[in-house]
Amino acid sequence: MLFIDQPELFYTINVVPGILYKNIPVTPLLGGALALSAVFVLSAKNKIVFIGGHFDKLIFSLFIIFWLPLYVNFFYNNFYDAIENMDYSSYSENGKRTVRFCNMDNRGGGEIACRMFSFIKLAENSLPAKSKVKILTASPFLNTYFNYYLFPRFSITSDINEADYLLYYFHNGYRYKDNILYKIEPDNRGEAREVKIGEYSLIDNMGPRRLILKKTEK
């Protein structure tokens, strides 16, 4: 239950517990058990001679016992990460970033993040500097990384009509066919319909859902 691959679980802002007992996070269970034990020891301090004579040691021991599983997980994850990172020490900076994104996919059960950095590098090599770019990705989470790596090389805009280029990366809300980009929207009956956004030429791609598009001049 404890020795699982959960880097950054207990020592960053990622406070969502990953260790479960019967679908209940272990962290609040341990905290509740510690609180109840401390209350019992405190209430019995003046009633039981043994507890009264070793009160400080008992309280300290309770904290050690109940925090031990978290510390074991903490040190295991750090040890695991250290060994894993040693294997990647010979990689280039871009290689290390790719490994980082692929590890995110491996832990999340997806495959989109792993391909992201190579697509970002393709955009850097395909588009002129300072181009006005609109990013269309599968989630705001991915948009954050695109913005981080592409700024300030490109001018990132949120308005698709202002952009000279589009980075289309696994976005389910758009479709590109016959040099035309469509936005998929529900109609009055709730069925999907394609709304024309504009005409775009294909600059480069890494597959049917990883496209670099340029707005066609009128």
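Right above here is the structure, for reference.
Note that the coordinates shown come from a computational prediction; the quantities given were computed from them, not determined experimentally. (Residues numbered from 1 in each chain as written. Predicted model: local features only at pLDDT ≥ 70, side-chain atom pairs only at ≥ 80, totals over all residues. Heavy atoms only, no water.)

Caption draft 1: How the structure looks around unusual backbone geometry. Here the amide bond leading from Phe 151 into Pro 152 is cis, since omega sits at 5°, within 30 degrees of zero. Checked against the element boundaries, Pro 152 lands in the loop between helix H6 (140-150) and strand S4 (155-157). Positive phi, normally seen in glycine, also occurs at Lys 130, with a value near 70°. On the basis of relative accessible area, Lys 130 is assigned to the exposed category, the value being 62%. A positive phi angle, near 55°, is found at Phe 170, a position not held by glycine. Looking at the element boundaries, Phe 170 is found in the loop between strand S5 (165-169) and strand S6 (174-177). (Helix = DSSP H or I, 4+ residues; strand = E, 2+ residues; numbered from the N terminus. Buried < 20%, exposed > 50% of the residue type's maximum accessible area, 1.4 Å probe, protein only.)

Caption draft 2: Summary view of the state of the cysteines. Under the criterion given, the structure shown has one disulfide. The disulfide partner of Cys 102 is Cys 114, and the S-S distance across this bridge is 1.8 Å. The S-S bond linking Cys 102 to Cys 114 shows a torsion near 70°; that makes this disulfide right-handed. With a gap of twelve residues between them, Cys 102 in helix H4 (residues 93-108) and Cys 114 in the loop between H4 and helix H5 (116-126) connect regions that are remote in the sequence. (Disulfide = S-S within 2.5 Å.)

Caption draft 3: Looking closely at the pairing of strand S9 (residues 210-215). Judged from the five bridges that link them, S5 and S9 form a sheet pairing that is antiparallel. Each bridged residue has a counterpart across the sheet, and for Leu 166 the counterpart in S9 is Leu 213. Strand direction decides the pairing type here: strand S8 (residues 192-205) and S9, joined by five bridges, are antiparallel. Within S9, the residue paired with Tyr 200 across the bridge is Lys 215. What sits between the antiparallel neighbours S8 and S9 is a turn of four residues, in which Gly 207 has the positive phi angle 130°. (Pairing = 2+ DSSP bridges.)

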